[in-house]
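Chain by chain, the residues run as shown.
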Amino acid sequence: MLNINNRLSDITKKLYKTKKHISLLNIKTKRIFENEYSFCFLEIFKTKEKIKKKQNDKIRHKNETKKHRPTCLKKGENMIYTITFNPALDYVIKMQNLKIGKINKSPKEYIYPGGKGINVSIVLKVLEQETTAMGFIAGFVGKEIEEQVQKYGVKTDFIKIENNNSRINVKILEENKGKNGNTEKEETAVNAKGPYIDSKYLELLYKKLEIIKNEDTLVLSGSVPNGVSSNIYEKICQRLENKNIKIVVDSTGELLLKTLKYKPYLIKPNQQELEEIFGIKISSQDEALEYAEQLQAKGAQNVIVSLGSDGAVLLDENGYSYKMKALNTKNAINTVGAGDSMIAGFLAGHEMYNNYEKSLQMGVAAATATTNTLFLATKDKIEDVLNKFK
């Protein structure tokens, strides 16, 4: 900006010198030079006004993002729906010195409802937002999933699959003493396949989607189970295309890319997923923003890229970019659900403050809080993390 002003100043000085020589010319030539002189000064004035406006816009935008830091939670006015196509019960076992091929005794077990959409709904409810969890459940496991979700205050509207059972995933959290005396943590997971989803159940889902109103939000996240085609997210976006609904897509590969032409409100690939989409390696936040821009060019309105220990970046619908450093995660005990928590935090933040920087801040806070808990973030932990942004 300084270089441009310097150049304009040099041009102005040259024009003043030119003006001194105009008086020595004949009348015809003098008029030509006077017209050119006036035109140049008009262009300089316009250019300076554009520069001034751009500077003021940036200052105004910066001031708007600093107006108020989240100090209390405020409920949004609209419903946020989530769909989990293949929910599960997560059976979490804490172990020490797991012996493969031997009988091991577990000192502690936990049972939680699992699935990316369910995780989003639970954290949204923690942040006092109205949310409804949708999807497919089956058998006694499905019944337990629904009851577990409802315990967190989340409304449910699941479709029940007959003659089958929802899946149970087993996660083993192992802690051992290393050679240097430090505690070494390792996580092993076995994820079940889940029930087959017949086309008649998909038709029931499409009918349920008709209740979603304008200004509501729909979160599509996770992989799809047996019987569901890889273009299911695209089909849902197409069916809702004529409604003013904010659609969030958190998935990988073709599931994600096929939805971009329908201009989803938000997508959130992580670093690995972004690298797989473009066949590249990302080594900085700036590089992540470059490829986020390419996804935005394909149709996405807002793009968050989560970068693990390198933080997260956001490219918003207005072309502004935001970089957020990762907070201290040395006490992390859990990575499952961190990305889902980031989406929930971002959506809740935008419902509360209508400010993209604050939304990203809330998303990072929720994700960080989840890594410091065995299950998902709590309200107190999220607010503790938010205080670190002061």
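Data block above holds the structure.
Bear in mind the structure is a predicted one, so any value in this text is a computation, not a measurement. (Residues numbered from 1 in each chain as written. Predicted model: local features only at pLDDT ≥ 70, side-chain atom pairs only at ≥ 80, totals over all residues. Heavy atoms only, no water.)

Topic: the pattern of salt bridges
Moving on, step 1. Tallied over the full model, the rule gives 11 salt bridges.
Moving on, step 2. With a shortest N-O distance of 3.2 Å, D250 and K116 are connected by a salt bridge. In this pair, D250 sits in strand β9 (residues 246–250) while K116 sits in helix α3 (residues 116–126), placing the two residues 134 residues apart along the sequence.
Moving on, step 3. On the accessibility criterion, K116 (30% relative accessible area) is partly exposed.
Moving on, step 4. Between D340 and K116 there is a salt bridge, with the nearest N and O atoms lying 2.7 Å from each other. (Salt bridge = Lys/Arg side-chain N within 4 Å of Asp/Glu carboxyl O. Helix = DSSP H or I, 4+ residues; strand = E, 2+ residues; numbered from the N terminus. Buried < 20%, exposed > 50% of the residue type's maximum accessible area, 1.4 Å probe, protein only.)

Observations regarding the packing of helix α11 (residues 356–371) against helix α12 (residues 379–387)
Moving on, step 1. Two elements in contact, α11 and α12, have axes whose closest approach is 8 Å; the angle formed by their N-to-C orientations is 125°. With respect to each other, α11 and α12 are oriented oblique. Note that α11 runs across α12; the crossing there is right-handed. Along the contact surface, α11 presents Q361, M362, A365, A366, T368 and A369, while α12 presents K381, I382, V385 and L386.
Moving on, step 2. The class makeup of the residues in the contact of α11 with α12 is seven nonpolar, two polar and one charged. (Axes fitted to C-alpha atoms, helices over the stretch in contact; angles between N-to-C directions. Parallel < 35°, antiparallel > 145°, perpendicular 65-115°, else oblique. Left-handed = near helix turned anticlockwise from the far one by under 90°. Contact = heavy atoms within 4.5 Å. Nonpolar A, V, L, I, M, F, W, Y, C, P; charged D, E, K, R; others polar.)

Focus on the sheet that holds strand β3 (residues 108–114)
Moving on, step 1. What the four strands build is an open sheet, ordered β3-β2-β6-β7; its pairing is mixed. In this open sheet, the two edge strands, each paired with only one partner strand, are β3 and β7 (183–190). In this sheet, neighbouring strand axes are inclined to one another by 20° on average, regardless of whether the strands run parallel or antiparallel.
Moving on, step 2. Direction of pairing for strand β6 (residues 167–177) relative to β7: antiparallel, over a ladder of eight bridges. Looking at the pairing, K171 lines up with A189 of β7.
Moving on, step 3. Against the sheet, helix α4 (residues 139–151) touches β2 (88–95), β3 and β6, its axis set at about 80° to β2. (Pairing = 2+ DSSP bridges.)

Examining α4
Moving on, step 1. With 13 residues, α4 extends 19 Å between its outermost C-alpha atoms, agreeing within 8% with the 18 Å of an ideal straight helix rising 1.5 Å per residue.
Moving on, step 2. Within α4, the full set of buried residues consists of V141, G142, I145, E146, Q148 and V149. One side of α4 carries all its buried residues, which in axial view fall inside an arc of 165°. In α4, the exposed residues that point more than 90 degrees away from the buried face are F140, K143 and K151.
Moving on, step 3. Each element contacted by the buried residues of α4 is listed here: β2, β3, α3, β4 (131–138), β5 (155–161) and β6.
Moving on, step 4. Note on α4: the residue one or two positions beyond its end, G153, has a positive phi of about 85°. (Expected span 1.5 Å × (residues − 1). Arc of directions from axis to C-beta.)

Overview of α11
Moving on, step 1. The end-to-end C-alpha distance of α11, which contains 16 residues, comes to 23 Å, matching closely the 22 Å that a straight helix rising 1.5 Å per residue would cover.
Moving on, step 2. In terms of burial, α11 is largely enclosed, as 15 of its 16 residues are buried.
Moving on, step 3. N-capping of α11 is provided by N355, with a side-chain oxygen placed 3.0 Å from the backbone N of E357. (Polar contact = N/O pair within 3.5 Å; in protein donor to acceptor, adjacent residues only side chain to side chain.)

Looking at the sheet that holds β5
Moving on, step 1. Spatially, β5-β4-β1-β8-β9-β10-β11-β12-β13 is the arrangement adopted by the nine strands of the open sheet, whose pairing is mixed. What marks the edges here is a single partner per strand, and that holds for β5 and β13 (321–324).
Moving on, step 2. As paired strands, strand β1 (residues 80–84) and β4 are joined by five bridges and run parallel to one another. Bridging across to β4, I83 finds its partner in M134.
Moving on, step 3. In this fold helix α6 (residues 232–239) packs onto β1, β8 (217–221) and β9, with an angle of close to 165° to the strand it touches most, β8.

Comments concerning the packing of aromatic side chains
Moving on, step 1. Tallied over the entire structure, the rule returns seven aromatic pairs.
Moving on, step 2. Centre to centre, the rings of F85 and F136 are 5.9 Å apart; their planes meet at 35°, and the pair counts as tilted. Here F85 is found in the loop between β1 and β2, whereas its partner F136 is found in strand β4, with 51 residues between them in sequence. Like F85, the residue F136 is buried in the burial classification.
Moving on, step 3. Pairing Y112 with F375 gives two aromatic rings, centres 4.3 Å apart and planes at 5°, and the pair type is stacked. Highlighted residues: Y112 in strand β3 and F375 in the loop between α11 and α12, separated in sequence by 263 residues.
Moving on, step 4. Overall, the relative accessible area of 13% leaves Y112 in the buried class.
Moving on, step 5. Across the ring face of Y206, the terminal group of R239 is positioned such that the distance to the ring centre comes to 3.8 Å.
Moving on, step 6. Cation over ring: K246 sits above Y265, and NZ or CZ is 5.0 Å from the ring centre. (Phe/Tyr/Trp six-rings, centres within 6.5 Å; stacked < 30°, edge-to-face > 60°. Lys NZ or Arg CZ within 6 Å of the ring centre and 35° of its normal.)

Observations concerning the environment of E234
Moving on, step 1. Take E234: it is sitting in helix α6.
Moving on, step 2. You can call E234 buried: its relative accessible area is 15%.
Moving on, step 3. C-alpha of E234 to C-alpha of K258: the two residues are 24 residues apart in sequence and 5.8 Å apart in space.
Moving on, step 4. Among all residues touching E234, those that are not within four sequence positions of it are K258, T259, K261 and Y262.
Moving on, step 5. Here K261 takes part through its side chain, which lies 2.9 Å from a polar atom of the side chain of E234.

Here's the deal with the environment of K116
Moving on, step 1. For the pair formed by K116 and S221, sequence separation is 105 residues and the distance between their alpha carbons is 5.9 Å.
Moving on, step 2. Ignoring any residue separated from it by four or fewer positions in sequence, one finds K116 in contact with T84, S221, G222, D250 and D340.

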